[in-house]
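# Descriptive analysis of the structure
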Amino acid sequence: MKVYHPKREWPEEYRKVLEEMRDIIDPVTGESILDSGVLAGIEVTENTLKVWLKFESQAEYNILGGAAMAYSRIVGSIMEKFALVKFDNVYVYDLRGNIIGKFEAKKKKAL
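Here is a short report on the structure shown in this document.

### Examining the overall build of the protein chain
Each helix and strand counted, the protein chain has four helices and five strands in total. Ordering the α and β elements of the protein chain from the N terminus gives β-α-α-β-β-α-α-β-β. By the burial criterion, 36% of the 111 residues in the protein chain qualify as buried. In the protein chain, the share of contacts with a sequence separation of at least 24, taken over all contacts with a separation of at least 6, comes to 50%.

Shown next, in the form of structure tokens:
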């Protein structure tokens, strides 16, 4: 994982993904997830995107409602923008490394 910092020099494949992430809005702040500080880290390979978000997904947080719904919306937006459209596999993690969003393209069986 590469820790996200806005002034970091990013390889081309990372810059493309980060530019598209500018369109994903944090519903709590109304800002891009890059500007609001929600994005913790990212890893880009040929067919896989991994994203780490700055929150914890423990069960006790989920009963609070609003925050859980906001983060769920962010995860959904990441999946909508990148899963299968640009990457075969997309994984979204919380700060503890728990998977909170996962998409894996089904492999086609060889004949």
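### Observations regarding helix 1 (residues 12–21)
Of the positions making up helix 1, those classed as buried are Tyr14, Val17, Leu18 and Met21. Looking down the long axis of helix 1, one finds its buried residues gathered within 100° of arc, a one-sided arrangement. With respect to the buried face of helix 1, the exposed residues turned more than 90 degrees away are Lys16 and Glu19.

### Let's talk about unusual backbone geometry
The bulk of non-glycine residues show a negative phi, and the bulk of peptide bonds are trans. Positive phi is not limited to glycine here, since Leu84 has a value of about 70°. One can find Leu84 in the loop between helix 4 (66–82) and strand 4 (89–93).

### Here we look at the nonpolar core
Residues Met21, Ile42, Leu49, Leu53, Ile78 and Phe82 are the most contacted members of the largest nonpolar core, which totals 26 residues. Where this core is concerned, the elements lending two or more residues are helix 1, helix 2 (33–36), strand 2 (39–44), strand 3 (48–53), helix 4 and strand 4. Of all the elements, helix 4 adds the most residues to this core, at five residues. Excluding residues within four positions of it along the chain, Ile78 makes contact with Ile24, Ile33, Val51, Leu53, Ala83, Val90 and Val92.

### As for the pairing of strand 5 (residues 99–104)
Direction of pairing for strand 4 relative to strand 5: antiparallel, over a ladder of five bridges. Paired with Val90 across the two strands is Phe103, which belongs to strand 5. Following strand 4, the chain reverses through five residues before pairing antiparallel with strand 5; Gly97 in that reversal takes a positive phi of roughly 85°.

### Section: the packing of aromatic side chains
Following the criterion strictly, the structure yields six aromatic pairs and no others. Pairing Tyr4 with Trp10 gives two aromatic rings, centres 6.0 Å apart and planes at 20°, and the pair type is stacked. Given the relative accessible area of 10%, Tyr4 is considered buried. For the pair Phe82 and Phe87, a centre-to-centre distance of 6.2 Å together with 50° between the ring planes defines the contact as tilted. What makes Phe82 buried here is its relative accessible area of 0%. Take Phe87: its relative accessible area is 6%, and that puts it in the buried class. By way of ring pairs, the aromatic residues Tyr4, Trp10 and Tyr14 are connected into one cluster. The ring of Tyr14 carries Lys2 above its face, with NZ or CZ at 5.6 Å from the centroid. Arg8 extends its terminal NZ or CZ atom over the ring of Trp10, reaching a point 5.0 Å from the ring centre.

Definitions and limits used
- Residues numbered from 1 in each chain as written.
- Predicted model: local features only at pLDDT ≥ 70, side-chain atom pairs only at ≥ 80, totals over all residues.
- Heavy atoms only, no water.
- Helix = DSSP H or I, 4+ residues; strand = E, 2+ residues; numbered from the N terminus.
- Buried < 20%, exposed > 50% of the residue type's maximum accessible area, 1.4 Å probe, protein only.
- Contact = heavy atoms within 4.5 Å.
- Arc of directions from axis to C-beta.
- Core = buried A, V, L, I, M, F, W, Y, C linked by side-chain atoms within 4.5 Å.
- Pairing = 2+ DSSP bridges.
- Phe/Tyr/Trp six-rings, centres within 6.5 Å; stacked < 30°, edge-to-face > 60°.
- Lys NZ or Arg CZ within 6 Å of the ring centre and 35° of its normal.

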